[in-house]
Amino acid sequence: MSSKTSTVTPVVEAPEDTGGKPGHGFQVILHNDDVNVAEYVVACLIRIFGHPAALARKIMHEAHRTGRAIAQVEAEGPAREHAAQLHACGLRATVESIA
């Protein structure tokens, strides 16, 4: 897998609690896997993040092509919850600080 950062522009939500650090947020990273079919991954992204189908497909393709893609940038709490929801769908995801 590649460790390149995604070039897909995710939907950005205003952070809820950044601990007083301006511009501090967290990104939910979707990682490629060889188990789930593309249509299922896209459906999960639409359901969990509310992404339009075209954006969900771009995120899925980026993860497939480079090994990872930014699915969403948001406050830490929602980012961790969304990663947990992706895990519950059988997808690989991590949360990274973008301080």
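The text that follows walks through the structure, step by step, so that each part is easy to find. (Residues numbered from 1 in each chain as written. Predicted model: local features only at pLDDT ≥ 70, side-chain atom pairs only at ≥ 80, totals over all residues. Heavy atoms only, no water.)

### Some details on the overall build of the protein chain
- On a plain count of helices and strands, the protein chain comes out with three helices and three strands.
- Secondary structure elements of the protein chain, listed N to C terminal, follow the sequence β-α-α-β-α-β.
- Burial status across the protein chain gives 45% buried among its 99 residues.
- For the protein chain, the share of sequence-separated contacts (at least 6 apart) that also reach a separation of at least 24 residues comes to 78%.
- Summed over all atoms, the accessible surface of the protein chain reaches about 5400 Å², with 55% contributed by carbon and sulfur. (Helix = DSSP H or I, 4+ residues; strand = E, 2+ residues; numbered from the N terminus. Buried < 20%, exposed > 50% of the residue type's maximum accessible area, 1.4 Å probe, protein only. Contact = heavy atoms within 4.5 Å. Areas by Shrake-Rupley, 256 points an atom, 1.4 Å probe, with all protein chains shown as cover.)

### Remarks on the nonpolar core
- Core analysis: the biggest nonpolar cluster contains 23 residues, and Val-28, Leu-30, Leu-45, Phe-49, Ile-59, Leu-86 and Leu-91 have the highest contact counts within it.
- For this core, the secondary-structure elements that each account for two or more residues are β1 (26-31), α1 (38-49), α2 (53-66), β2 (68-74), α3 (76-88) and β3 (92-97).
- Top contributing element to this core by residue count: α1, with six residues.
- Each residue touching Leu-91, except ones within four places of it in the same chain, is listed here: Leu-30, Asp-33, Asn-36, Tyr-40, Val-41, Cys-44 and Leu-86. (Core = buried A, V, L, I, M, F, W, Y, C linked by side-chain atoms within 4.5 Å.)

### Digging into the packing of α1 against α3
- The contact between α1 and α3 brings their axes to 10 Å, and the two run at 145°. For the crossing formed where α1 meets α3, the hand is right-handed. Residues Leu-45, Ile-48 and Phe-49 of α1 pack against His-82, Gln-85 and Leu-86 of α3.
- The residue makeup of the contact of α1 with α3, split by class, is four nonpolar, two polar and no charged. (Axes fitted to C-alpha atoms, helices over the stretch in contact; angles between N-to-C directions. Left-handed = near helix turned anticlockwise from the far one by under 90°. Nonpolar A, V, L, I, M, F, W, Y, C, P; charged D, E, K, R; others polar.)

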